[in-house]
Amino acid sequence: MLAVAFPGLGQIYNRKYWKIPIVYAGFGALIYAISFNSSEFNIFLKAYVDYTDNIPETNSYIKVIKNVDPATYDPVTQPNNYGWYKDRMLRQVDYFKKYRDLSYIGIGAWYLFTVVDANVDASLFNFNVRDDLKMKLEPGIRPVAGRNDMGVFLCFKLTF
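Here the structure is a predicted model, which is why all the values come from computation and not from measurement.

Cut-offs applied
- Residues numbered from 1 in each chain as written.
- Predicted model: local features only at pLDDT ≥ 70, side-chain atom pairs only at ≥ 80, totals over all residues.
- Heavy atoms only, no water.
- Helix = DSSP H or I, 4+ residues; strand = E, 2+ residues; numbered from the N terminus.
- Buried < 20%, exposed > 50% of the residue type's maximum accessible area, 1.4 Å probe, protein only.
- pLDDT = per-residue confidence, 0-100.
- Salt bridge = Lys/Arg side-chain N within 4 Å of Asp/Glu carboxyl O.

What about unusual backbone geometry?
Phase 1: Non-glycine residue Arg 15 carries a positive phi angle of around 60 degrees.
Phase 2: As for its placement among the helices and strands, Arg 15 is situated in the loop between helix H2 (9-13) and helix H3 (20-52).
Phase 3: The class for Arg 15 is exposed, based on a relative accessible area of 57%.

In structure tokens:
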């Protein structure tokens, strides 16, 4: 249960030191995904808000609209092109919000995975698989219930 207190502590207790970099690499990747998706979400949300407020001084949307003539995307002077750029920015806001939220869920899932991994390792730490484990398949005869007949079947015997 040390893995519940601090990630990686259960792996240290079980002497599975090689798993510790994997645990922290998973957390690092998920934290990076949260950071990246949050920053992109904030950029596109600010651009969307600035694009839809009809105030010429707020123009952060210029950074996210690329390879386009500036005269075609101004919502004040070009209202015909307004919907296309607005929808695109809103789709990007939804996209980055979705993957930011999934990254938070991923952190929780990764944390639970590391706890379960440490607990399974701790439970099987003293499990011994000996060399005298045997498996045999033999024919057998058994009477059939309610009849005077005998049935032939295969018997699977496991000895340890």
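What follows picks up the thread again.
A look at the confidence of the model for the protein chain
Phase 1: Here the protein chain averages 82 in pLDDT, while 82% of its residues score no lower than 70.
Phase 2: Element-level mean pLDDT values for the protein chain span from 70 in strand S2 (residues 150-159) up to 92 in H3.

Describing the pattern of salt bridges
Phase 1: Overall, the coordinates contain five salt bridges when judged by the stated rule.
Phase 2: Taking the shortest distance from any N to any O, the salt bridge between Lys 19 and Asp 117 comes out at 2.9 Å. In this pair, Lys 19 is assigned in the loop between H2 and H3 and Asp 117 in helix H4 (residues 82-123), connecting sequence segments 98 residues apart. Residue Lys 19 shares its accessibility class with Asp 117, and that shared class is buried.
Phase 3: Among the salt bridges present, the one from Asp 50 reaches Lys 46, with a minimum N-O distance of 3.4 Å. Placement of both Asp 50 and Lys 46 in helix H3 is noted, with a separation of four residues, approximately one turn of the helix.

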